[in-house]
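Structural characterization, general
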Amino acid sequence: MQTKRAIAYIIDLLLITSILMILFYILPSDLKAQKIQTKIDQIGEEYASGEMDKMTYFMTLSSLEKDLDQKQAFEIVIDSVLIVIYFIIVPYIWNGFTVGKRIMNLKIVSNENKKVRLMSLFIRAFIMDGLLASLLIIFGIYVIDESFYLSFVSILAILQLLSLIVSYFMIKYRRDLKGLDDILSHSKVVKINEGSEL
């Protein structure tokens, strides 16, 4: 049963990634962002060949990553908006379903087996779907010093990955099959044909 839930999440991620790829393909590309990416590639080659020491490499990379994210801030905002639409608004309007959950005959409900609350969906999106990380990156672009920016973004990525791993193992080994997002949001995922928890 955990497998169905994982497959549903993978379907949702593939769908969102496809939508983002189409949107970013349609949007005009930023030549400055491309130049920054080329510079990132260049310093990576210089570091790999020994032309640049470790400290200089990481300080330069952190500065360039912040510049790149500033140039791509609009894309990060689009990503955040898509997370809100897909993982919060869609299941709220569609009675607990996302496309992946619908395909796998699963849905999100409250702990009382009622319609999931909007706040519960926000909490779930913050924990599992990267909304908190995306919002913190947008904040960090304008507030975090460039020398610490790469560490900041890396820590966010690690914490996001850890939340996914912890939730996976919680779902796998807990008797009630609840993940971190389920517990903190006071909701659960159920099979629609049986109404039992997953």
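Residues numbered from 1 in each chain as written. Predicted model: local features only at pLDDT ≥ 70, side-chain atom pairs only at ≥ 80, totals over all residues. Heavy atoms only, no water.

Re the overall build of the protein chain
Definition in use: A run of DSSP states H or I qualifies as a helix once it reaches four residues; a run of E qualifies as a strand once it reaches two. Both are numbered from the N-terminal end. Partly exposed residues are those whose accessible area sits between 20% and 50% of the maximum for their type, while under 20% is buried and over 50% is exposed, using a 1.4 Å probe and protein chains only. By definition in these notes, contact holds between two residues if any of their heavy atoms fall within 4.5 Å.
For the protein chain, the helix and strand inventory stands at 9 helices and 2 strands. Written out in order from the N terminus, the α and β elements of the protein chain read α-α-α-α-α-β-α-α-α-α-β. The principal-axis extent of the C-alpha atoms belonging to the protein chain is close to 60 × 35 × 30 Å. A total of 198 residues make up the protein chain; the buried ones form 40% of that total. Within the protein chain, counting contacts between residues at least 6 apart in sequence, those at least 24 apart form 69% of the total.

Notes on the environment of I138
Positionally, I138 belongs in helix α7 (residues 131-143). Judged by its relative accessible area of 21%, I138 falls in the partly exposed class. A C-alpha to C-alpha distance of 8.4 Å links I138 and D69, two positions 69 residues apart in sequence. Those residues in contact with I138 that sit more than four places away from it in its chain are I76, V77 and S80.

Description of the pattern of salt bridges
Stated precisely, the cut-off is as follows: A side-chain nitrogen of Lys or Arg and a carboxyl oxygen of Asp or Glu constitute a salt bridge if their distance falls within 4 Å.
Scanning all chains against the criterion turns up 5 salt bridges. Close ionic contact of D182 with R124 constitutes a salt bridge, the shortest N to O distance being 2.7 Å. In this pair, D182 is assigned in helix α9 (residues 180-185) and R124 in helix α6 (residues 118-128), connecting sequence segments 58 residues apart. D176 serves as the salt-bridge partner of R174, at 2.7 Å between the closest nitrogen and oxygen. What emerges from the salt-bridge pattern is a single network uniting R5, R124, D181 and D182.

Describing helix α4 (residues 73-93)
This is how the line gets drawn: Between the first and last residue of a helix there are one fewer steps than residues, each counted as 1.5 Å, and that sum is the expected span.
For α4, built from 21 residues, the straight-helix expectation of 30 Å at 1.5 Å per residue is met to within 8% by its first-to-last C-alpha distance of 28 Å. Buried residues of α4: A73, I76, I78, S80, L82, I83, Y86, F87, I88 and P91, and no others. Buried residues along α4 sit against α1 (2-26), α3 (54-71), α5 (99-103), β1 (106-110), α6 and α7. Downstream of α4 by a residue or two, N95 has a phi angle that is positive, lying close to 60°.

Quick word on the packing of α4 against α6
Heads up, the rule is: Lines fitted to the C-alpha atoms define the axes, with helices restricted to the stretch that makes contact. Angles between their N-to-C directions range from 0 to 180 degrees. Here a crossing is called left-handed whenever its near helix is offset anticlockwise from the far helix by less than a right angle, and right-handed whenever the offset is clockwise. Following the grouping adopted for this structure description, the nonpolar residues are Ala, Val, Leu, Ile, Met, Phe, Trp, Tyr, Cys and Pro, the charged ones are Asp, Glu, Lys and Arg, and the polar ones are all others, Gly among them.
In contact at an axis separation of 9 Å, α4 and α6 are set at 145° when each is read in the N-to-C sense. As for the relative orientation of α4 and α6, their crossing is right-handed in sense. Note on element contacts: α6 touches α4 through L118, L121, F122 and A125, opposite I83, F87, I88, P91 and Y92. Considering only residue class, the contact of α4 with α6 consists of 9 nonpolar, no polar and no charged.

Observations concerning a nonpolar patch on the surface
For the record, the criterion: Candidates for patches are residues over 30% relative accessible area with no salt bridge; among them, like charges are joined within 9 Å and nonpolar side chains (Val, Leu, Ile, Met, Phe, Trp, Tyr) within 5 Å. Only the protein chains shown count as cover for residues, with accessible areas throughout obtained via the Shrake-Rupley method and a probe of 1.4 Å.
A cluster of nonpolar residues, V77, V81, I85, I89, Y92, I93, L118, M119, F122, F126, L132 and L135, forms a patch on the protein surface that exposes about 990 Å² of accessible area. At 6 residues, the largest contribution of residues to the nonpolar patch is made by α4. Mapped onto the secondary structure, V77 falls in helix α4. The exposure class of V77 is partly exposed, given its relative accessible area of 36%.

Everything listed here is a matter of geometry and, on its own, says nothing about what the molecule does.
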